[in-house]
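# Breakdown of the fold
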Amino acid sequence: MEENVFIIHPSEIIRKGLAWILQEYFKMEITQLSAISDVNSFAAISNNLIITIIQKGASLPAETEERLRKNNQLFVVSLSASTDKEGLVEGYDYDLNVLASNLEIQKLIQVIRKSASKSKPIMADNGDLTQREKDVIRQIALGLSNKEMADKLNISIHTVISHRKNITEKLNIKSISGLTVYAIMNNLLDISDINPEELI
Amino acid sequence: MKIFKKEDKMSSLVSANSNLLPVINRFGIQLGFKEKTIQDICKEKEVNPDFFLAIVNTYTDENYFPEEELLSFSPLLLIDYLKNTHNYYIGYALPKIERLLENIMANCGENYPSLKMISSFYQKYKTELLLHLKHEDEKEFPYIVELYKTRKLRPGQKSITEYENEHTDVEEKLSDLKNLLIKYVEPGYNHNDMNEFLQALFQFEKDLYDHARIEDAILIKQVSMLENELKPNEVR
Ligand SMILES: [Fe+2]
Ligand SMILES: [Fe+2]
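Counting from 1, residues in each chain are numbered in the order their sequence is written. Written order determines the labels here, with chains lettered from A and ligands numbered from 1. With the structure being a predicted model, the display of local features is reserved for residues of pLDDT at least 70 and the display and counting of side-chain atom pairs for 80 or more, all residues being used for whole-chain, interface and lining totals. The side-chain figures draw on all heavy atoms in the structure; neither hydrogens nor water molecules are used.

What follows deals with the overall build of chain B. Broken down by element type, chain B carries 10 helices and 0 strands. Secondary structure elements of chain B, listed N to C terminal, follow the sequence α-α-α-α-α-α-α-α-α-α. Each of the three principal axes of chain B carries a C-alpha extent, and together these read 70 × 50 × 25 Å. Taking all 236 residues of chain B together, 50% fall into the buried category. Only heavy atoms enter the contact rule, under which two residues are in contact if any of them lie within 4.5 Å. Restricting the contact set of chain B to residue pairs at least 6 apart, pairs at least 24 apart contribute 76%. A 1.4 Å probe and the Shrake-Rupley method give the accessible areas. Residues count as covered only by the protein chains that appear here. Summing over all exposed atoms, chain B offers an accessible surface of approximately 11900 Å²; the carbon and sulfur share of this is 51%. Positive charge is attributed to Lys and Arg, negative charge to Asp and Glu, and no charge count is given to His or to the chain ends. Every charge is mapped to an atom, namely NZ of Lys, CZ of Arg, CG of Asp or CD of Glu. Charged side chains in chain B number 30 positive and 40 negative. The centres of these two groups are separated by 4 Å. Only DSSP runs of H or I covering at least 4 residues are called helices, and only runs of E covering at least 2 are called strands; the numbering of each starts at the N terminus. Relative accessibility decides the category of a residue: with a 1.4 Å probe and only protein chains considered, values under 20% of the type maximum give buried, values over 50% give exposed, and everything between is partly exposed.

All names here are of chain B. A cavity here means a set of points on a 1 Å grid, drawn over the protein atoms and nothing else, where a 1.4 Å probe fits but cannot get out; a pocket is an open set with protein on both sides within 12 Å along at least five of seven lines, and a residue lines either one if it has an atom within 4 Å of a point. Grid points are joined across faces, edges and corners, and a volume is the space filled by probe spheres set on the points. One pass over the full model with this rule turns up 1 cavity of 30 Å³ or more. If you go around the largest cavity, the residues you meet are Tyr 143, Glu 146, Leu 147, Lys 152, Leu 153, Arg 154 and Gln 157. We call Asp, Glu, Lys and Arg charged. Ala, Val, Leu, Ile, Met, Phe, Trp, Tyr, Cys and Pro are nonpolar, and the rest, Gly among them, are polar. Its residues assigned to classes, the lining of the largest cavity comprises 3 nonpolar, 1 polar and 3 charged.

Turning our eyes to something else, we now look at the packing of aromatic side chains. Residue and element names in this part refer to chain B. Classification of ring pairs uses Phe, Tyr and Trp, with its six-membered ring standing for Trp, and accepts pairs whose centres are within 6.5 Å; under 30 degrees between planes counts as stacked, over 60 as edge-to-face, and the remaining range as tilted. Considering all chains together, one arrives at 13 aromatic pairs over all chains under this definition. Here the aromatic rings of Phe 51 and Tyr 81 are separated by 6.4 Å at their centres, their planes lie at 85°, and the arrangement is edge-to-face. Taken as a pair, Phe 51 in helix 4 (residues 49-60) and Tyr 81 in helix 6 (residues 75-106) lie far apart in primary sequence, 30 residues in all. Looking at Phe 51, the relative accessible area reads 3%, which means it is buried. A connected cluster of aromatic rings, assembled from ring pairs, spans Phe 27, Phe 51, Phe 52, Phe 73 and Tyr 81.

What follows deals with the domain arrangement of chain B. All names here are of chain B. Domain extents, as shown, originate in an automatic or database domain assignment. Domain annotation of chain B identifies domain 1 (10-64) and domain 2 (73-235). Distance from the C-alpha centre of domain 1 to the C-alpha centre of domain 2: 23 Å. Taken residue by residue, the interface counts 15 residues in domain 1 and 15 residues in domain 2. Carbon and sulfur atoms make up 61% of the area that domain 1 and domain 2 hide from each other, which totals about 1400 Å². When two components associate, each loses some accessible surface as probed by a 1.4 Å sphere; the sum of these losses over both components is called the buried area. Considering only the surface of domain 1 that becomes buried against domain 2, Arg 26, Phe 51 and Tyr 59 emerge as the three largest contributors, covering 53% of it. Should a side-chain nitrogen of Lys or Arg be within 4 Å of a carboxyl oxygen of Asp or Glu, the pair is scored as a salt bridge. Counting the contacts that link domain 1 with domain 2 gives 1 salt bridge.

This next bit is on the coordination of the iron ion (ligand 2). Residues and elements named next belong to chain B. Note that water is not among the atoms used; donors are N, O and S atoms within 2.8 Å of the metal (3.2 Å for Na, K and Ca), so sites may look incomplete. Surrounding the iron ion (ligand 2) are the protein donor atoms His 132 (NE2), Glu 136 (OE) and Glu 215 (OE), which sit 2.1 to 2.3 Å from the metal. Between the iron ion (ligand 2) and the iron ion (ligand 1), both coordinated by Glu 136, there is a metal-metal distance of 3.4 Å. Of the two residues, His 132 and Glu 136 are both situated in helix 7 (residues 113-150); the distance of 4 residues between them amounts to about one turn of the helix.

Below, the discussion takes up the pattern of salt bridges. Residues and elements named next belong to chain A. By the definition in use, this model includes 22 salt bridges over all chains. Of the charged contacts, one joins Arg 69 and Asp 93 as a salt bridge, the two residues approaching to 3.8 Å between their closest N and O atoms. Remark: Asp 93 occurs in the loop between strand 4 (73-80) and strand 5 (94-97) and Arg 69 occurs in helix 2 (residues 62-71); sequence separation between them is 24 residues. Its relative accessible area of 28% is what places Asp 93 among the partly exposed residues. Several salt bridges converge on common partners, so that one network encompasses Glu 65, Arg 69 and Asp 93.

Right, here's the structure in full:
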């Protein structure tokens, strides 16, 4: 999961200072915005961990926040001024004070990362292909339809389809011609078995 | 990551991201910026600075996508830009990739089925992409231009979504091509040739991705909105 950090604050001193600390300690890529509405242009991000640090009392534009929350793990951190001691208030996930030490800032990021990784979906295993999957690739490369493959390999069409899905996920190759090239490159087939000019 | 603003110097843009050079060339803007700002140069070249920034920032930060701003520009402006991009692909980017692939093929042994397959796979990809571009240049774009000029839907006219569905996804095979090379190519090729080829593929993929994003999320959206507006008129 990629991490996006936004620091949204009208004060350049605060933006740059906080960005410097986070970059130094966490090697994070940080987007600094001076106006809250600028965040609207980032509303299409999905499947990321997003940390937004905004001035306490301010909030993200409702529509954008909703969209970001739906498609990502979003954490909104309020940044309060030094004299403010009230701590976390409604509408934010965490509170940060401008007087916070480096250590406190580090801790906060670790807490956020931990809570994000807890709900992270488990990745499919990237193992090698099974013998059956290799059989299926060979038939795909030879140009057989799902039905023909099912008959030839003595399995149901449903099983063929599920093999194809697993193959694409494991190899990250989606096109039929790409799978044909894969089969040749990995010696599942000989180049003389197919006509390279007729790649689908 | 920094979002560029009108007051920034044009030179800072290229210093921050040299991949933007071909993008700004498409607006007729070339090197030799002196101390001029983005605003200055846009004015000189009669380019709409807000449109310029929306495009440039979209390319700079892949998470940035100024939907609201971009939707406020005329689709005709957008079409000009997209057509220039197509010409850049056809006239420069693809021939360059091909030259690099020819280098690889010329410097590897005769009996190398893997690369032979890669080469025919590339041809396949190219044919598909050229068809896609042609479909847009010759059918989709003229339809949009006419629609904005006449503000009328002809009876039986295909909608923009129907046009879109007619052409294929151009990213799938390109991503396959990259993966095949990265994961399965066997030794026997010239490293430098191969690296250049792969780098060119990466850059092309990125450019194409942003291009498609602008088409899908802005152009198609805008045209669909106009089509919906015009529909009741047609019934009357
Ligand atoms: Fe296009
Ligand atoms: Fe397209």
